[in-house]
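Coordinate inspection notes
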Amino acid sequence: MAGSSHGHTPAAWTGVTIVFIGFTVAGAFMVMAEPLGFWAGMAIVALGGVVGGIMRAMGLGMPKEAHPVHQVTATREPAAAEA
């Protein structure tokens, strides 16, 4: 995955950072046995997904046609087993 620049965009970094903060908040409130704080953390997690999707739609994500994994360049034959 590292060779295909998977996720190295502002949209991905922002979305993952917000989701990480949400999981941290939810986890802390879960340990403190505070359901309202836990659900607030889960709302932050959902917000991270929404923000990442909006940023991708704004052009700050990786376009699908530029992703090298989705480009087919040649037909390959399956490897033969050696006897």
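Below you will find a few notes about this structure. (Residues numbered from 1 in each chain as written. Predicted model: local features only at pLDDT ≥ 70, side-chain atom pairs only at ≥ 80, totals over all residues. Heavy atoms only, no water.)

Our focus in this paragraph is the overall build of the chain. Per the secondary structure count, the chain includes two helices and zero strands. Expressed as a percentage of the 83 residues in the chain, the buried residues total 18%. Just so you have it, the chain exposes about 6500 Å², and 70% of that area is on carbon and sulfur atoms. (Helix = DSSP H or I, 4+ residues; strand = E, 2+ residues; numbered from the N terminus. Buried < 20%, exposed > 50% of the residue type's maximum accessible area, 1.4 Å probe, protein only. Areas by Shrake-Rupley, 256 points an atom, 1.4 Å probe, with all protein chains shown as cover.)

So, about the packing of aromatic side chains. Taken as a whole, this structure holds one aromatic pair when the rule is applied. With 4.9 Å between their ring centres and 75° between their planes, Phe38 and Trp39 make a pair best called edge-to-face. With relative accessibility at 57%, the residue Trp39 sits in the exposed group. (Phe/Tyr/Trp six-rings, centres within 6.5 Å; stacked < 30°, edge-to-face > 60°.)

Attention shifts here to a nonpolar patch on the surface. Taken together, the side chains of Val50, Ile54, Met58 and Leu60 make up a nonpolar region of the molecular surface, amounting to roughly 380 Å² of accessible area. Residue Val50 is classed as partly exposed on the basis of its relative accessible area, which comes to 47%. (Patch = residues over 30% accessible without salt bridge, like charges linked within 9 Å, V, L, I, M, F, W, Y side chains within 5 Å. Salt bridge = Lys/Arg side-chain N within 4 Å of Asp/Glu carboxyl O.)

Glancing now at helix H1 (residues 10-31). Taking 1.5 Å of rise per residue, 22 residues should cover 32 Å, and H1 covers 32 Å from first to last C-alpha, within 8% of that figure. Listed in full, the buried residues belonging to H1 are Ala11, Gly15, Ile18, Gly22 and Ala26. Down the axis of H1, the buried set is contained in an arc of 75°. They therefore lie on one face. Away from its buried face by more than 90 degrees, H1 exposes Trp13, Val16, Phe20 and Val31. (Expected span 1.5 Å × (residues − 1). Arc of directions from axis to C-beta.)

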